[in-house]
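# Summary of the model geometry
If you want the building blocks of each chain, they are given just below.
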Amino acid sequence: MNKKILIVEDDIHISNIIKMNLNIVNYATTEVYDGLAALEAIERETFDLILLDVMIPKIDGFELISKIQRHRIPVIFLTAKNSVYDKVTGLKLGADDYMVKPFEAIELLARIETVLRRYGKEESMMQFQDVQVNMDKREVTIHSQPVELTPKEYDLLVVLLKNKNIALSREQFLDKVWGGDYFGETRTVDMHIKSLRKKLHLQENIKTIYKIGYRLED
């Protein structure tokens, strides 16, 4: 089942952009535009995570997080308030993270993934067409038949799946799979992508994005 995320943001344009990026990677989303509507939604439905603006009408984000603590839903504040005082206040009130606008979509997705993992709410199984990935066992199968991947090939596949339909640069792949202290050539990514395409029969799905990198798409 897709993870459900509540977006509490009074700027409809920003809310729609966030929703679009989350839907691309298969999160289910609900949008509300003020704190009272958020409170009503939380009482009515179950959410895996809340993206919460601070400066929202009726009930502001700081007050809202205090009212919903009993629900034990992880919260990431998204706000233009960038003072250290505001950040500390948000974290002390129980927020799991605090992001200052503007931010890149890929960073938001990474922060969401980290928080969900911390709460044990990250999916243990992932699937793309006939390819299934068991995250707990680090196993990959096609039609229930195991596929042997190297550790780096497996990590690269997981990055592609978690960022489906998003173009990532070779440098981003290096950072996520090989680590920020890796100083090898970006050609390493190309070689591993070529191997993944062949082993998983994804030649038509792992697209080369000219002068950028790669994207996994249906």
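A quick note: this is a predicted structure, and the numbers were derived from the prediction, not measured.

Basis of the calculations
Residues numbered from 1 in each chain as written. Predicted model: local features only at pLDDT ≥ 70, side-chain atom pairs only at ≥ 80, totals over all residues. Heavy atoms only, no water. Pairing = 2+ DSSP bridges. Helix = DSSP H or I, 4+ residues; strand = E, 2+ residues; numbered from the N terminus. Axes fitted to C-alpha atoms, helices over the stretch in contact; angles between N-to-C directions. Contact = heavy atoms within 4.5 Å. UniProt positions renumbered as here; feature names shortened; annotations may be inferred. Phe/Tyr/Trp six-rings, centres within 6.5 Å; stacked < 30°, edge-to-face > 60°. Buried < 20%, exposed > 50% of the residue type's maximum accessible area, 1.4 Å probe, protein only. Lys NZ or Arg CZ within 6 Å of the ring centre and 35° of its normal. Salt bridge = Lys/Arg side-chain N within 4 Å of Asp/Glu carboxyl O. 1 Å grid on protein atoms, 1.4 Å probe; cavity = no way out; pocket = protein on both sides within 12 Å on 5 of 7 lines; lining within 4 Å. Points joined across faces, edges and corners; volume = space filled by probe spheres on them.

Pairing is parallel in the open sheet, where 5 strands are placed in the order β2-β1-β3-β4-β5. At either end of the open sheet lies a strand with only one pairing partner, and these are β2 (28–32) and β5 (97–100). Pairwise comparison of adjacent strand axes, ignoring direction, gives a mean angle of 20° for this sheet. Bridge analysis of strand β1 (residues 4–8) against strand β3 (residues 49–52) gives 4 bridges, and the strand direction is parallel. Along β3, the bridge assignment pairs V8 with L52. Across the sheet, helix α4 (residues 84–92) is in contact with β4 (75–79) and β5; its angle to β5 comes to roughly 150°. Sitting on the sheet, helix α5 (residues 105–118) is in contact with β1, β3, β4 and β5, with an inclination near 175° to β5.

Here, the residues flagged by UniProt with the feature "modified residue: 4-aspartylphosphate" (unreviewed entry) are D53. Counting through the fold element by element, D53 comes out in the loop between β3 and α3 (61–67). Among all residues touching D53, those that are not within four sequence positions of it are V8, E9, D10, G61, L78, T79 and K101.

Using the criterion set out here, one finds 3 aromatic pairs in the structure. The interplanar angle of 55° and the centroid separation of 6.5 Å between the aromatic rings of F173 and Y214 together place this pair among those described as tilted. Within this pair, whereas F173 is found in helix α7 (residues 170–178), its partner Y214 is found in strand β12 (residues 213–216), the two being separated by 41 residues in sequence. Overall, the relative accessible area of 0% leaves F173 in the buried class. Judged by its relative accessible area of 5%, Y214 falls in the buried class. Ring pairs connect the aromatic residues F62, F77 and Y98, which therefore count as one cluster. Directly above the ring of F47 sits K4, whose terminal nitrogen or CZ lies 5.3 Å from the centroid.

Attention now goes to the sheet that holds strand β8 (residues 139–142). In spatial order, the strands read β6-β7-β8-β9; together these 4 strands make up an open sheet with antiparallel pairing. Of all strands in the sheet, those with a lone pairing partner are β6 (125–128) and β9 (145–146), marking the two edges. Note: β8 against β9, 2 bridges, orientation antiparallel. Bridge pairing in β9 places T141 opposite P146.

What follows deals with the pattern of salt bridges. Evaluated as defined, the whole model comprises 17 salt bridges. Its salt-bridge partner being D97, residue R111 comes within 2.9 Å of it at the nearest N-O pair. Linking R111 in helix α5 with D97 in strand β5, this pair joins segments that are 14 residues apart in sequence. Look at D97 and you get buried, because its relative accessible area is 16%.

Turning our eyes to something else, we now look at the layout of surface pockets. Approximately 370 Å³ is the volume attributed to the second largest pocket. Lining the second largest pocket are 17 residues; nearest its centre among them are E113, R117, V158, V159 and K162. Among the secondary structure elements, those contributing two or more residues to the lining of the second largest pocket are α5, α6 (151–162) and α7. Per-element tally for the lining of the second largest pocket: the top contributor is α5, with 6 residues.

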